[in-house]
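Notes for the structure review
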Amino acid sequence: MNIRGSASDNVAVTSVRWTNSRGGSGDCTGTSSWRKDGIVLSSGENVITVTARDAVGNTRSDTLTVTYTPPDTTRPAITITTPTSDSTYTTNSATLNIGGTASDNVAVASVRWTNSRGGSGDCTGTSSWRKDGIVLSSGENVITVTARDAAGNTRSDTLTVTYTPPDVTRPTIRITAPTTDSTYTTSNSPVNIRGSASENVAVTSVRWTNSRGGSGDCT
């Protein structure tokens, strides 16, 4: 802190000194108009006393009580604990519920979430927070939660969620041999059948059955 002031005497002011109740003292620059720059303050109450002295040792003082509140430069902490405390998560659910904890040397003012695939908003709670129903897009979604304190300090945690939508598409299948028609007449037994099948992801098996008996896997 820098302080300034004035002093006077019926003869002459010979010196002006300063002291801080929390530590530190020294001479001020000047007498009738004096100043002191760079007085170091401690957190809390600092009583600054300035004392004028004349040539015969007479003194008088003035005081200034300075309350110093250091700026908050400590970043909060935040952790995702639900649905997992790991950094990655795989799901086939289209929405996600997340939760966790946050802390700060003073207080957490807010917790917000964002999804790299779109969407953002406030979480419910601060030291214990949650957000339900985050909409996921197919593939990788990076969910970021950010804790903020009153001084604007922030810290984030992330969860990379891979969303695989459930497969609800039915495969297609066709018999192509011995005919592509729906009926066939033959005097030969057994009969050989062939065909094709396809699916939006993959066909995993093809099986046959006969209404008159028999069933099994196709090749």
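Residues numbered from 1 in each chain as written. Predicted model: local features only at pLDDT ≥ 70, side-chain atom pairs only at ≥ 80, totals over all residues. Heavy atoms only, no water.

Details of the overall build of the chain
Looking only at helices and strands, the chain features zero helices and 18 strands. For 219 residues, the compact-globule estimate of 2.2 N^0.38 gives 17 Å, and the C-alpha radius of gyration of the chain, at 40 Å, exceeds that figure by more than 25%. The principal-axis extents of the C-alpha atoms in the chain amount to approximately 140 × 25 × 20 Å. When the 219 residues of the chain are sorted by exposure, 23% land in the buried category. Within the chain, counting contacts between residues at least 6 apart in sequence, those at least 24 apart form 54% of the total. As presented, the chain carries roughly 14400 Å² of accessible surface, and 45% of it is formed by carbon and sulfur atoms. Across the chain, the mean location of the 19 positive side-chain charges is 5 Å away from that of the 18 negative side-chain charges. (Helix = DSSP H or I, 4+ residues; strand = E, 2+ residues; numbered from the N terminus. Rg over C-alpha atoms; globule rule 2.2 N^0.38 Å. Buried < 20%, exposed > 50% of the residue type's maximum accessible area, 1.4 Å probe, protein only. Contact = heavy atoms within 4.5 Å. Areas by Shrake-Rupley, 256 points an atom, 1.4 Å probe, with all protein chains shown as cover. Lys, Arg positive; Asp, Glu negative; His and termini not counted. Charge placed at Lys NZ, Arg CZ, Asp CG, Glu CD.)

A look at unusual backbone geometry
Keep in mind that most residues, glycine aside, have a negative phi and that most peptide bonds are trans. A cis amide bond, omega 10°, links Thr82 with the succeeding residue Pro83. Here Pro83 shows up in the loop between strand S7 (77-82) and strand S8 (88-91). Backbone torsion omega between Ala177 and Pro178 reads 15°, so that peptide bond is classified as cis. With respect to the helices and strands, Pro178 occurs in the loop between strand S15 (172-177) and strand S16 (194-198).

Let's talk about the side chain of Asp149
Tracing the backbone through its elements, the reader meets Asp149 in strand S13 (residues 139-149). Although Asp149 is buried, it forms no salt bridge, and the closest oppositely charged side chain is Arg148 at an N-O distance of 7.0 Å. Look past the residues within four positions of Asp149 in its chain and what remains in contact with it is Asp72, Thr74, Pro76, Asp104, Ala107 and Ala109. (Salt bridge = Lys/Arg side-chain N within 4 Å of Asp/Glu carboxyl O.)

Here's the deal with the sheet that holds S7
Backbone hydrogen bonds hold the strands of a sheet together, and the pairing may be parallel or antiparallel. Spatially, the three strands line up as an open sheet ordered S7-S9-S12, and their pairing is antiparallel. Across the chains shown, the open sheet's two edge strands, defined by having one partner strand only, are S7 and strand S12 (128-135). Neighbouring strand axes in the sheet, compared pairwise and without regard to direction, differ in orientation by 30° on average. (Pairing = 2+ DSSP bridges. Axes fitted to C-alpha atoms, helices over the stretch in contact; angles between N-to-C directions.)

As for the side chain of Asn141
Following the sequence through the fold, Asn141 ends up in strand S13. For Asn141, a relative accessible area of 0% gives the class buried. In this structure the side chain of Asn141 is engaged in a polar contact, spanning 3.3 Å, whose partner is the side chain of Asn115. Side-chain polar atoms of Asn141 contact the backbone oxygen of Gly139, separated by 3.1 Å. Ignoring sequence-local partners within four residues, the contact set of Asn141 consists of Asn115, Ser116, Arg117, Leu136, Leu159, Thr160, Val161 and Tyr163. (Polar contact = N/O pair within 3.5 Å; in protein donor to acceptor, adjacent residues only side chain to side chain.)

Digging into the pairing of strand S2 (residues 13-20)
Sheet analysis places S2 next to strand S5 (residues 44-54), joined by seven bridges and oriented antiparallel. Note on S5: the bridge partner recorded for Val13 is Asp54. Bridging between S2 and strand S3 (residues 25-27) involves three bridges; their strand directions are antiparallel. Paired with Trp18 across the two strands is Gly26, which belongs to S3. Hairpin remark: S2 followed by S3, antiparallel, with four residues in the connecting loop; positive phi at Gly23, about 120°.

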